[in-house]
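In case you want the letters, here they are:
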Amino acid sequence: MGKPAQRHELTSLLKFCDCSAEKTCMDVFRPIPIDVIQIYEESAVDLFIKQEDRLVPFLEKGGVFTRDHLVDLNRFGINRIYIHGKEALTFEKYVHAYSDRILTDPSIPSKVKASTFYISSIHALRKAFEDPNSERITDIKNTLKPMFRNIMENKVLLEDLFSLTEHDFNTYTHSVNVGIYATSLAIHFYRNDSSVSMEQLQRQSYGYFLHDIGKSRVPLGILRKREALSEEEWAVMKKHPEWGYTILMETGHLTDEAAYISMQHHERPDGSGYPFGMKDIHPCARICTIADIFDALTSERPYKPALKPYEALGIIKKEAVTDFDQYLLAAFIKMLGPQEENIQLSKPETL
Ligand SMILES: [Fe+2]
Ligand SMILES: [Fe+2]
């Protein structure tokens, strides 16, 4: 155990950080939902809170986060804590280490589970994108498994998950967002269809989170390019569906569902998609396409602002050309309806 917990007043912590301008602070610090900080555990990183647009040290690395800390924060209506951007990886690791315990404990509230899952799955995806080996893909599945059960049993509410989606469009957050949207859509759409088993839905879910794993073979210079891609660069980017299929096959993680999803999520029913321009597209790939386009449109990119959910849905409507798509889109709109306000369009405070 670390240092003994000290009860304190927030007002005694008004030692402002060195950054005088908020922008500077926001460039360096990342906001984190308080729910993921473990009570009575040593903090893996320095924690800060925001007061009057300044960041204030709250708990040092190694200090124990106590219930008193939580009570203080609640009293001041603070629900986000900040960490140094450079410690984000350490923090993700800390959350990932106990995510299984949080996700399988029936007494933990939905909000805490959702926040823990979001950070933990981004960590698992980040590792898999660095090196998509069998062990790392298994780790993603192990993170998803308890979460899938929670969603199926309504132990985690969609509004809690949707309120977390960060739209800075890096490949990891995009993969997790698409995974969340597509899994939720598939569950909604097939809920009363006895021909689709729970196991099939779970295999679909893995496929959604891994739909872009082929991008791990796309050079970072292309993946992170801020300007529009050249024709040659696009040609490389368009190989990611086939590379995804190959990675899943080579690592022993290829199921029918994952194969259709990775290979066909950029195909379009009118034949205008890639890599093959096929028109007969598997239903799970169409579910993934809707989630994929929705996340891309509601994300901020260097060259475009984030669209509002209803604007994004308007564009997706034009893509929905088959009867199946129409039913799917209706289910997606119905699913998002009450949650629309919870969906964050872009990270307001981020690196
Ligand atoms: Fe893709
Ligand atoms: Fe994608």
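**Student:** Hey, could you go over the overall build of the protein for me, with residue numbers and the actual values?
**Tutor:** Scanning the protein from N- to C-terminus turns up 15 helices and six strands. Residues classed as buried in the protein amount to 39% of the 351 residues present. The long-range fraction of contacts in the protein, counting pairs at least 24 apart against all pairs at least 6 apart in sequence, stands at 72%.

**Student:** Explain the packing of helix α7 (residues 171-190) against helix α8 (residues 198-209) to me, and be specific about the residues and the numbers.
**Tutor:** Two elements in contact, α7 and α8, have axes whose closest approach is 7 Å; the angle formed by their N-to-C orientations is 155°. As judged from the angle between their axes, α7 and α8 are roughly antiparallel. For the pair α7 and α8, the sense of crossing is right-handed. Contact with α7, carried on its side by Ser175, Val176, Val178, Gly179, Ala182, Thr183, Ala186, Ile187 and Tyr190, involves Leu201, Gln204, Ser205, Tyr208 and Phe209 of α8 and no other residues of that element. Of the residues assigned to the contact of α7 with α8, the class counts are nine nonpolar, five polar and no charged.

**Student:** Hey, could you go over the pairing of strand β4 (residues 54-59) for me, with residue numbers and the actual values?
**Tutor:** Both strand β3 (residues 47-51) and β4 contribute to a ladder of five bridges, which runs antiparallel. Of the residues in β4, the one forming a bridge with phenylalanine 48 is proline 57. Hairpin connection of β3 to β4: two residues between the antiparallel strands, including glutamate 52 at a positive phi of 50°.

**Student:** Let's hear about helix α11 (residues 240-250): which residues, and what values?
**Tutor:** Among all positions in α11, only His240, Pro241, Gly244, Tyr245, Ile247 and Leu248 are buried. Within α11, the buried residues cover an arc of 165° as seen down the axis, which keeps them to one side. The inward-facing, buried residues of α11 contact α10 (231-237) and α12 (256-264). Where α11 terminates, the next one or two residues include glycine 252, which has phi positive at roughly 80°.

**Student:** How would you summarise the environment of methionine 152 if you had to cite specific residues and measurements?
**Tutor:** Relative to the helices and strands, methionine 152 resides in helix α5 (residues 134-152). Separated by 49 residues in the primary sequence, methionine 152 and leucine 201 place their C-alpha atoms 9.9 Å from one another. When near neighbours in sequence (up to four residues on either side) are disregarded, methionine 152 contacts Ile187 and Met198.

**Student:** Could you give an account of the packing of helix α3 (residues 88-104) against helix α4 (residues 110-130), naming the residues involved and the relevant values?
**Tutor:** Across the interface, α3 lies against α4 with an axial gap of 8 Å and an inter-helix angle of 130°. The angle between α3 and α4 places the two elements in the oblique class. Handedness of the crossing formed by α3 with α4: left-handed. In this structure, α3 uses Glu92, Lys93, Val95, His96, Ser99, Ile102 and Leu103 to contact α4, whose residues at the interface are Val112, Lys113, Thr116, Phe117, Ile119, Ser120, Ile122, His123 and Ala124. Taken together, the residues that form the contact of α3 with α4 break down as eight nonpolar, five polar and three charged.

**Student:** Would you mind going over unusual backbone geometry in detail, with residue names and values included?
**Tutor:** Here tyrosine 274 and proline 275 are connected by a cis peptide whose omega angle stands at 10°. Following the sequence through the fold, proline 275 ends up in the loop between α12 and α13 (283-297). A positive phi is found at aspartate 53, a non-glycine position, where the angle reads about 65°. Relative to the assigned elements, aspartate 53 resides in the loop between β3 and β4. The exposed category is assigned to aspartate 53, around which 9 C-beta atoms lie within 10 Å. Phi is positive for asparagine 154, which is not a glycine, with a value near 60°. Considering the arrangement of structural elements, one finds asparagine 154 in the loop between α5 and α6 (158-162).

**Student:** Can you lay out the nonpolar core for me, pointing to particular residues and giving the numbers?
**Tutor:** Ala182, Leu185, Ile287, Cys288 and Ala291 are the most contacted members of the largest nonpolar core, which has 76 residues in total. The biggest single contributor to this core is α7, with nine residues. Apart from residues lying up to four places away in sequence, alanine 291 is in contact with Val178, Tyr181, Ala182, Leu185 and Tyr208.

**Student:** Can you explain the confidence of the model for the protein? Please cite residues and give values.
**Tutor:** Residues with a pLDDT of 70 or more make up 87% of the protein, whose mean pLDDT is 85. Every residue in residues 344-351 scores below 50 in pLDDT, and together they form 23 contacts with partners more than four places removed in sequence or on other chains.

**Student:** Lay out the environment of aspartate 295 in plain terms, naming residues and giving numbers.
**Tutor:** Secondary-structure assignment places aspartate 295 in helix α13. Given 24 C-beta atoms within a 10 Å radius, aspartate 295 is considered buried. The spacing of aspartate 295 and threonine 165 is 130 residues in sequence and 9.2 Å in space, taken between C-alpha atoms. Ignoring sequence-local partners within four residues, the contact set of aspartate 295 consists of His174, Asn177, Val178 and Tyr181.

**Student:** Provide a residue-level description of the environment of aspartate 46, including the pertinent values.
**Tutor:** Along the chain, aspartate 46 falls in the loop between β2 (41-42) and β3. Considering only alpha carbons, one finds aspartate 46 and glutamate 87, 41 residues apart in sequence, at a separation of 8.5 Å. In contact with aspartate 46, other than residues within four places in its own chain, are Pro57, Glu60, Lys61, Ile83 and His84.

The rules behind each value
- Residues numbered from 1 in each chain as written.
- Chains lettered and ligands numbered in written order.
- Predicted model: local features only at pLDDT ≥ 70, side-chain atom pairs only at ≥ 80, totals over all residues.
- Helix = DSSP H or I, 4+ residues; strand = E, 2+ residues; numbered from the N terminus.
- Buried ≥ 20, exposed ≤ 12 C-beta atoms within 10 Å, placed from the backbone.
- Contact = placed C-beta atoms within 7 Å.
- Axes fitted to C-alpha atoms, helices over the stretch in contact; angles between N-to-C directions.
- Parallel < 35°, antiparallel > 145°, perpendicular 65-115°, else oblique.
- Left-handed = near helix turned anticlockwise from the far one by under 90°.
- Nonpolar A, V, L, I, M, F, W, Y, C, P; charged D, E, K, R; others polar.
- Pairing = 2+ DSSP bridges.
- Arc of directions from axis to C-beta.
- Core = buried A, V, L, I, M, F, W, Y, C linked by C-beta atoms within 7 Å.
- pLDDT = per-residue confidence, 0-100.

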